[in-house]
Amino acid sequence: MLELQDVHRTYRIGESTVQALRGVSVCIEQGEFVAIMGASGSGKSSLLQILGLLDNPDKGEYLLFGRNVNTLSEDEQSGLRNNLAGFVFQQFHLLKRMSIVENVRLPHIYSGLKGDFRKEAIACLALVGLEQRIDHTPNQLSGGEQQRVAIARALIRNPLIIFADEPTGNLDTKNSIEIMKILKGLNDQGKTVIMVTHENDIAAFAGRVITMRDGVIINDDLRGNVKPAGEKILEESGFDLHAAGQGSSILLNGRFVGFMAQAFQSILANKMRSFLSVLGILVGVASVIAMMALGEGAKGAMQEQLKSMGSNLLSIRGGSASFHGAAQGSGAVARFTFSDVDDIASLRTLVKNASGVVTGNARIVYGNNNWSSSLTGTGYDYGVMRSAVPVLGRWFTLGEIERREKVAIIGVTVVKELFGGSNPLGKTVKINRINFQVIGIAPAKGFSGPQDEDDVVIIPATTAMYRVLGKDYLSGIFVEVTSQALIEKAKSEIAALIIKKHRLKENDESFNIRDMTEMQKMLSSTTQTMSLLLGSIAAISLLVGGIGIMNIMLVSVTERTREIGLRKAIGARKNDIMMQFLVESVGLTVCGGFIGVLAGIGISLVLSFFAGWAVKTSLLSVVLAAAFSALIGMFFGLWPARKAAELKPLEALRYE
Ligand code: ADP
Ligand code: MG
């Protein structure tokens, strides 16, 4: 049934080579109990590993049920191990994180069969007398008990052959006898047992003793009482060699769910480490969420702002078109006067309202308080056009504007700074050392980008020009066009009018007319800067976070090399191992992403509190962040997972 023909195995360590097996031929029948004996280093384990398909010979043939199995792929061999073989090692190789019943049913994850197999695992534990301890962890068990768990694990797939490498090597005599009785009992039920040992009284349980020295068999002693039931048992067991070597889909049969459960178990086993390793992802995701919320909020605030500025508005200013006050052209600057405002206002079909404005700075004093603010001198129509008519108090009268009276409307920021809680209406303040009477409070508008739109002092344009700022021209003119559709027409007609009146050339750069879309652009540029900043924080921390994940997964793979070796021995295929580690890294990043989403929403709320505009967290950004963090887990987990998957079962098991 198992037949080796002239098998060689040579290990290479750097330059030197060790010939562990040099021409071993042996044939083992179904139902035999074989002990492999010999001095340490004589090649016993090497032989057992080749028989157990944990390793492949360099030279020679291995026929399993008459089929050459050396040519099978790694995954097919894994499938065979899972279905055909049970392994018992000197070091037990139980997984410490799991209860013993979970350890015992572990091979079933890789069997491709449906079900949780807890009942079967408990039945196997009962066979070795441990049914009372199913929920204990390996650390709570003695060595002998641990080895009995390992035997139960070897039995769960009801294998034809049990491979045991010094199963009693770490046990005292009493426990050794217990274990040997169990193995003997299994052999009596028809299972083939192949065992390595160097103790004679242990080998005495076997029906056949093979002795090795320096990589060759020097004695093969059939001690009688063998009952090679042979092919009969094979037929009874219904074992299908061909089917056993086949893989099955990872996603089917609940294997994936098994991986998820194990991933979360291992994440939770290292809570602090897991948390620290996802910190980068957390910060990154939180910034993305906050960034998008901020962007949305800014957009909303801007629309509010534009509404409060008035609709269909044109702004005419001296100088060439500029952003942030930096003039792009050079040359003359047109100076506008009230007569320009009147002329523009007389374009009746196009223009609904027009108002000149002058701007400057105001130092405004009330009692002991003083405050610097921006000063706007306006015409009568400005109040309606720019939604500046006070709710508390009143707007200027035409007469006040004409008579250059010293009356002022102040924004809520100015009220707060100068008056605290008291009522400013009717009070006298000094604006640039001139007494003004406060007649109204401008409606609150909030921020436009970094600019506080409530930090304003509004006075009649005439007063501002002739009494406060000492200018005889306007800073600009606001025009409200009768309808949206007429904006372009109004722009060109107003331009023509100004060019004619001021005797300018066509396309003169000494003035410019802007409409709302341009103002909108200006406003959005500041929020864009902010978004960009948050965006780059997000990108960097996601990258760093990803590298952190990769690092921790590499550590995890190294730490768990023996676990990987064991999993492969009991039948895990490459993809199974790969999937296990990928699920773990994705699980990590998704957890990090989830906490990041919560943190991001928190940050958004804090931002909205301080920025004074409603910050909106969109569902899209949450979904995007979650998807992205999963992707990062996948991308940065791939390499460690591959590394784990490529490990050879033998080397992984030997790893210390
Ligand atoms: P035994 O189990 O009889 O003590 P082994 O089969 O484990 O012996 O080892 C036989 C020889 O091969 C020893 O000299 C050992 O050092 C060497 N050997 C075994 N495994 C490896 C390996 N993975 N790499 C290098 N040398 C090895
Ligand atoms: Mg050995």
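Residues numbered from 1 in each chain as written. Chains lettered and ligands numbered in written order. Predicted model: local features only at pLDDT ≥ 70, side-chain atom pairs only at ≥ 80, totals over all residues. Heavy atoms only, no water.

**A word on the sheet that holds strand β3 (residues 33–38)**
Let me state the cut-off plainly: Here, a strand pair is defined by DSSP locating no fewer than two bridges between the strands. Here a strand is any run of E in DSSP of at least two residues, a helix any run of H or I of at least four, and the numbering for each starts at the N terminus. For helices, the fitted line uses only the C-alpha atoms of the stretch in contact; every axis is such a line through C-alpha atoms, and the angle between N-to-C directions lies from 0 to 180 degrees.
With mixed pairing, the six strands of this open sheet are ordered in space as β6-β7-β8-β3-β9-β10. In the strand order of this sheet, the two ends are held by β6 (85–89) and β10 (216–222), each with one partner. Ignoring strand direction, the axes of neighbouring strands in this sheet form an average angle of 15 degrees. Taken together, the five bridges between β6 and strand β7 (residues 161–165) define a ladder with parallel strand orientation. Bridge pairing in β7 links Phe89 to Asp165.

**Observations regarding the nonpolar core**
Defined as follows: The nonpolar core is taken to be a set of buried Ala, Val, Leu, Ile, Met, Phe, Trp, Tyr and Cys residues, with the residues joined through side-chain atoms within 4.5 Å. The classification of residues rests on relative accessible area computed with a 1.4 Å probe and restricted to protein chains. Under 20% of the type maximum is buried, over 50% is exposed, and intermediate values are partly exposed. Should any heavy atoms of two residues lie within 4.5 Å, those residues are considered in contact.
In terms of nonpolar packing, the biggest core is built from 68 residues, with Leu2, Leu4, Leu51 and Ile194 touching the most fellow members. Considering each element in turn, this core owes the most residues, seven residues, to helix α21 (residues 574–611). With residues near it in sequence (within four places) discarded, Leu4 still touches Val24, Ser25, Val26, Leu47, Ile50, Leu51, Glu61 and Tyr62. Formed by 43 residues, the second largest nonpolar core is a distinct cluster that contains Ile316, Val414, Val479 and Ile498.

**Here's the deal with the pattern of salt bridges**
As a working rule, side chains carrying opposite charge can pair if their charged atoms are close by. Cut-off, in case you're wondering: Only one rule defines a salt bridge in this text: a Lys or Arg side-chain nitrogen within 4 Å of an Asp or Glu carboxyl oxygen.
One pass over the full model with this rule turns up 24 salt bridges. Arg394 is the salt-bridge partner of Glu400, the closest N and O atoms lying 2.6 Å from each other. The class for Glu400 is buried, based on a relative accessible area of 6%. Overall, the relative accessible area of 36% leaves Arg394 in the partly exposed class. Residue Arg560 is joined to Glu584 by a salt bridge in which the shortest nitrogen-to-oxygen separation is 3.1 Å. Placement of the pair is Arg560 in the loop between α19 (516–559) and α20 (561–569) and Glu584 in helix α21, with a sequence separation of 24 residues. When its relative accessible area of 5% is taken as the criterion, Glu584 is described as buried. Connected through shared salt-bridge partners, Arg97, Arg560, Glu563, Arg567 and Glu584 make up one network.

**What about the packing of aromatic side chains?**
Our working rule: For Phe, Tyr and Trp, where Trp contributes only its six-membered ring, two rings pair if their centres lie within 6.5 Å, and the inter-plane angle classes them as stacked under 30 degrees, edge-to-face over 60, or tilted in between. Note on geometry: a ring has a charge over it if NZ (lysine) or CZ (arginine) is within 6 Å of the ring centre and within 35 degrees of the ring normal.
Under the criterion given, the structure shown has seven aromatic pairs. Arranged with centres 5.9 Å apart and planes meeting at 10 degrees, the rings of Phe87 and Phe89 form a pair that is stacked. One exposure class covers both Phe87 and Phe89, and it is buried. Judged by centre distance (4.2 Å) and plane angle (35 degrees), the rings of Tyr366 and Phe419 are tilted. Taken together, the residues Tyr366 in strand β14 (residues 351–366) and Phe419 in helix α16 (residues 412–419) connect sequence positions 53 residues apart. Through pairs of rings, three or more aromatic residues link up here, namely Tyr382, Trp395, Phe396 and Phe478. Note that Arg386 overlies the ring of Phe478, its terminal NZ or CZ placed 4.5 Å from the centroid.

**A short note on the site of ligand 1**
The criterion, for reference: Nearness here has a simple test: a residue counts as near a molecule or strand if at least one of its heavy atoms is within 4 Å of that partner. Each polar contact in these results corresponds to two N or O atoms within 3.5 Å; when the atoms are within protein, one needs to be able to donate a hydrogen and the other to accept it, and residues that are neighboring in sequence are counted only if both atoms are side-chain atoms. Methods summary: accessible areas were calculated by the Shrake-Rupley approach with a probe of 1.4 Å, and residue burial reflects only the protein chains presented.
Taken together, 13 residues lie around ligand 1, and Gly41, Lys44, Ser45, Ser46 and Arg654 are the ones closest in. A distance of 2.7 Å separates an oxygen atom of ligand 1 from a polar atom in the backbone of Gly41. Ser42 is positioned with one of its backbone polar atoms (N or O) 3.2 Å from an oxygen atom of ligand 1. When ligand 1 is considered free in solution it has 550 Å² of accessible area, and contact with the protein chains removes 74% of it. Within the residue set of the shell around ligand 1, elements represented by two or more residues are β1 (2–13), β2 (16–28) and α1 (44–51). In terms of residues, the shell around ligand 1 owes the most to one element, α1, which gives three residues.

**Side note on the packing of helix α5 (residues 143–155) against helix α6 (residues 173–188)**
Test applied: Geometric relationships in this document are graded by angle, where less than 35 degrees denotes roughly parallel, more than 145 denotes roughly antiparallel, 65 to 115 denotes roughly perpendicular, and other angles denote oblique. Throughout, a crossing is termed right-handed when the near helix is turned clockwise from the far one, and left-handed when it is turned anticlockwise from it by less than a right angle. Amino acid classes used here: Ala, Val, Leu, Ile, Met, Phe, Trp, Tyr, Cys and Pro are nonpolar; Asp, Glu, Lys and Arg are charged; the rest, including Gly, are polar.
The N-to-C vectors of α5 and α6 enclose an angle of 15 degrees; their axes lie 9 Å apart at closest approach. Between α5 and α6, the angle is such that the two are roughly parallel. Two packed elements cross with a definite hand, and for α5 against α6 that hand is right-handed. Side by side, α5 and α6 meet where Gly144, Gln147, Arg148, Ile151 and Leu155 of the first sit next to Asn175, Ile179, Ile182, Leu183 and Leu186 of the second. Residues belonging to the contact of α5 with α6 are distributed by class as follows: six nonpolar, three polar and one charged.

**Here's the deal with unusual backbone geometry**
Not every positive phi belongs to a glycine, and Leu53 is a case in point at roughly 65 degrees. Among the structural elements, Leu53 can be located in the loop between α1 and β4 (59–64). One non-glycine residue, His93, adopts positive backbone phi at about 55 degrees. Its place among the elements puts His93 in the loop between β6 and α3 (100–105). For His93, a relative accessible area of 7% translates into the label buried.

Read these as layout, nothing more, since geometry by itself doesn't imply function.
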